Amino acid sequence: LFDKIRLQNGSVELGKVSAKIQDGAHHSPKNVFDEKSDNQFPYVTSKNIRTNYMKLDTLKYVDADFHDSIYPRCDAKIGDVLLTKDGASTGNICLNELDEPASLLSSVCLIRGIENQILNEYICFYLQSSTGFQAVIGSMTGAAIKRIILKTIKKTPVPLPSIEEQKKLCKTTEKLLKITGNIAEIY
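Notes on the structure in this doc start here.

What follows is about the pairing of strand β7 (residues 60-63). The pairing of strand β3 (residues 32-33) with β7 spans two bridges and is classified as antiparallel. Paired with F33 across the strands is Y61, a residue of β7.

Listed below in structure tokens is the structure:
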């Protein structure tokens, strides 16, 4: 579905239609907590990012000092695209499901489309298509740990149909994913 639109529409670099493309903290927090308490914030790592959903049962928490040091630069909002950019799960992508401020580790990239130009859902589904996936991970770097660098993510070509067409594509894709999920469950 998303691979065919590439042939019909011009493409733009993802960075040109994104309000933000940023990874999380490049240093580890001093303290990580298994349960949330006052003045603590969710700490999202690649372990929490799966294809089309967040694995929240393994979510950890960080203190306000660590959170306040990273959040102004990487302010994840509900509905933002979260992409695992290094490690074993490189390329996993979903929309942020947390409706509260959260801190991200550097293995997670936040992508936020420019409103009225590109939908976050559309970015998420396109980067999961074979064409989009190959465009974003095709030139991974690193000898031991493979990673996608921010520069590559920003330069990833993305077809840009109208917002209405993006909405239609996302709706159709959601229906197909639901049908596929139902078939897998029955099987």
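Picking up where we left off.
The phi dihedral of N39 falls on the positive side, at around 60°, and the residue is not glycine. Mapping N39 onto the fold places it in the loop between β3 and β4 (40-44). Notably, N52 is not glycine yet its phi reads approximately 75°, a positive angle.

Our next topic: the sheet that holds strand β11 (residues 108-113). Spatial strand order, β2-β11-β8-β9: four strands in an open sheet with antiparallel pairing. Two strands bound the open sheet, and with one partner strand each, they are β2 (18-23) and β9 (93-95). Recorded for the sheet is a direction-independent mean angle of 20° between the axes of neighbouring strands. Relative to β11, strand β8 (residues 81-84) is paired through four bridges, and the arrangement is antiparallel. Pairing of T84 across the sheet is with V108, part of β11.

When charged atoms on two side chains of opposite charge get close, those side chains can pair. Going through the model one piece at a time under the given rule, you end up with 12 salt bridges. With a closest N to O distance of 3.2 Å, K77 and D75 form a salt bridge. Residue D75 is classed as buried on the basis of its relative accessible area, which comes to 13%. Note that R112 is salt-bridged to D75, the shortest N-O span being 3.4 Å. Of the two residues, R112 sits in strand β11 while D75 sits in the loop between α2 (64-70) and β8, which places them 37 residues apart along the sequence.

Bringing the nonpolar core into the picture now. Within the largest apolar cluster, 23 residues are counted, with the highest numbers of intra-cluster contacts made by L14, I111, L127 and I153. Top element by residues in this core is helix α3 (residues 120-128). It accounts for six residues. When neighbours within four sequence positions are excluded, L14 is seen to be in contact with I21, I111, I123, L127, I153, K154, T156 and V158. Counting residues in each nonpolar core, the second largest holds 19 residues, with Y43, V62, I70 and L110 among its members.

Calculation criteria
- Residues numbered from 1 in each chain as written.
- Predicted model: local features only at pLDDT ≥ 70, side-chain atom pairs only at ≥ 80, totals over all residues.
- Heavy atoms only, no water.
- Pairing = 2+ DSSP bridges.
- Helix = DSSP H or I, 4+ residues; strand = E, 2+ residues; numbered from the N terminus.
- Axes fitted to C-alpha atoms, helices over the stretch in contact; angles between N-to-C directions.
- Salt bridge = Lys/Arg side-chain N within 4 Å of Asp/Glu carboxyl O.
- Buried < 20%, exposed > 50% of the residue type's maximum accessible area, 1.4 Å probe, protein only.
- Core = buried A, V, L, I, M, F, W, Y, C linked by side-chain atoms within 4.5 Å.
- Contact = heavy atoms within 4.5 Å.

Worth remembering: the numbers are spatial, not functional.
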